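# Structure at a glance
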Amino acid sequence: MRNLILIGPMGAGKSTIGRLLAKELRLPFKDSDKEIEQRTGADIPWIFDVEGEQGFRDREQAMIEELCEEDGVVLATGGGAVLRPANRHALRCGGRVVYLHTSVEQQIERTSRDRNRPLLRTADPGKVLRDLMSIRDPLYREIADIIIETDERPPRLVVNEILERLQALPPR
Ligand SMILES: Nc1ncnc2c1ncn2[C@@H]1O[C@H](COP(=O)(O)OP(=O)(O)O)[C@@H](O)[C@H]1O
Ligand SMILES: O=C(O)C1=C[C@@H](OP(=O)(O)O)[C@@H](O)[C@H](O)C1
Ligand SMILES: [Mg+2]
């Protein structure tokens, strides 16, 4: 292995599943968004407000390139981490890539509880999530080693399925 990298849309459970998976495997856990927040001393909405989405994407790219150099960590990315070709290349080279797939309906439900996702601060977050999914789903699929369905499956079950599917993967 090198690293274990979780990709997928907002609300797929990357941060939640990543933490559980790392605990189970006794590996360090890094969440790209949290690392950016720690490094800048500002939260994600503040970075979007002050530097715009492009400013955030520049910070995200630098962080992904750095985190993909690690060895033996579980890495949760942000939903837009696959947008830049350079990021897709870094993620692909950084380890096994797990796409946590989730329906837009579940994404809406799971993201409605908190307000820390600036792209969803809009009158119709469902439309934003649908539009993002149509652009990003092919990009997630392009770099995924495995695709895991998370709808109607509690985090524990998702973790177990990831572990089973990883064991069954042939070496690259
Ligand atoms: N498999 C799941 N089933 C039900 N709820 C989940 C599942 N995975 C995550 N959640 C919940 O959805 C919300 C968003 O999860 P989070 O890990 O922040 O997603 P992401 O990092 O992919 O945006 C959290 O409240 C989390 O507890
Ligand atoms: O999908 C996106 O573009 C984003 C997803 C967020 O992370 P999560 O996918 O962990 O919510 C965070 O990186 C930022 O708000 C932008
Ligand atoms: Mg997250």
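All values reported here derive from a predicted model rather than from experimental measurement. (Residues numbered from 1 in each chain as written. Chains lettered and ligands numbered in written order. Predicted model: local features only at pLDDT ≥ 70, side-chain atom pairs only at ≥ 80, totals over all residues. Heavy atoms only, no water.)

Here we take up the UniProt feature "binding site: ATP" (unreviewed entry) in the protein. Summarizing the sequence annotation, UniProt attributes the feature "binding site: ATP" (unreviewed entry) to Gly-11, Ala-12, Gly-13, Lys-14, Ser-15, Thr-16, Arg-117 and Arg-153 in the numbering used throughout. In three dimensions, the annotated residues from a span of 143 residues occupy distinct locations, with a maximal C-alpha spread of 23.0 Å. Structurally, the position occupied by Ala-12 is in the loop between β1 (3-7) and α1 (14-25). When sequence neighbours within four positions are dropped, the list of residues in contact with Ala-12 reads Leu-100, Thr-102, Arg-110 and Thr-150. Apart from residues no more than four positions distant in its own chain, Arg-153 is found in contact with Val-158 and Glu-161. From its side chain, Arg-153 meets the backbone oxygen of Glu-149 in a polar contact 3.2 Å long. (UniProt positions renumbered as here; feature names shortened; annotations may be inferred. Helix = DSSP H or I, 4+ residues; strand = E, 2+ residues; numbered from the N terminus. Contact = heavy atoms within 4.5 Å. Polar contact = N/O pair within 3.5 Å; in protein donor to acceptor, adjacent residues only side chain to side chain.)

Another aspect to go through is the pairing of strand β5 (residues 146-149). Burial along β5 is one-sided: the face carrying Ile-146 and Ile-148 is buried and the face carrying Ile-147 and Glu-149 is not. Where strand β4 (residues 95-101) lies against β5, 4 bridges are found, and the strand directions are parallel. Bridge pairing links Leu-100 to Ile-148 in β5. (Buried < 20%, exposed > 50% of the residue type's maximum accessible area, 1.4 Å probe, protein only. Pairing = 2+ DSSP bridges.)

This part covers helix α5 (residues 104-111). Listed as buried for α5 are Val-104, Gln-106, Gln-107 and Thr-111. Here the buried residues of α5 occupy an arc of 155 degrees about the axis, which is enough to place them on one side. (Arc of directions from axis to C-beta.)

The next point concerns the nonpolar core. In a soluble, globular protein the nonpolar side chains are often hidden away together inside. The biggest cluster of nonpolar side chains holds 30 residues, and the ones touching the most others in it are Ile-7, Cys-68, Val-82 and Leu-91. Where this core is concerned, the elements lending two or more residues are β1, α3 (44-67), α4 (85-94), β4 and α6 (125-143). Counting residues per element, this core draws most heavily on α3, at 7 residues. Ignoring any residue separated from it by four or fewer positions in sequence, one finds Cys-68 in contact with Arg-2, Asn-3, Ile-5, Leu-75, Ala-90, Leu-91 and Gly-94. Of all hydrophobic cores here, the second largest spans 17 residues; its members include Ala-12, Ile-17, Leu-21 and Val-159. (Core = buried A, V, L, I, M, F, W, Y, C linked by side-chain atoms within 4.5 Å.)

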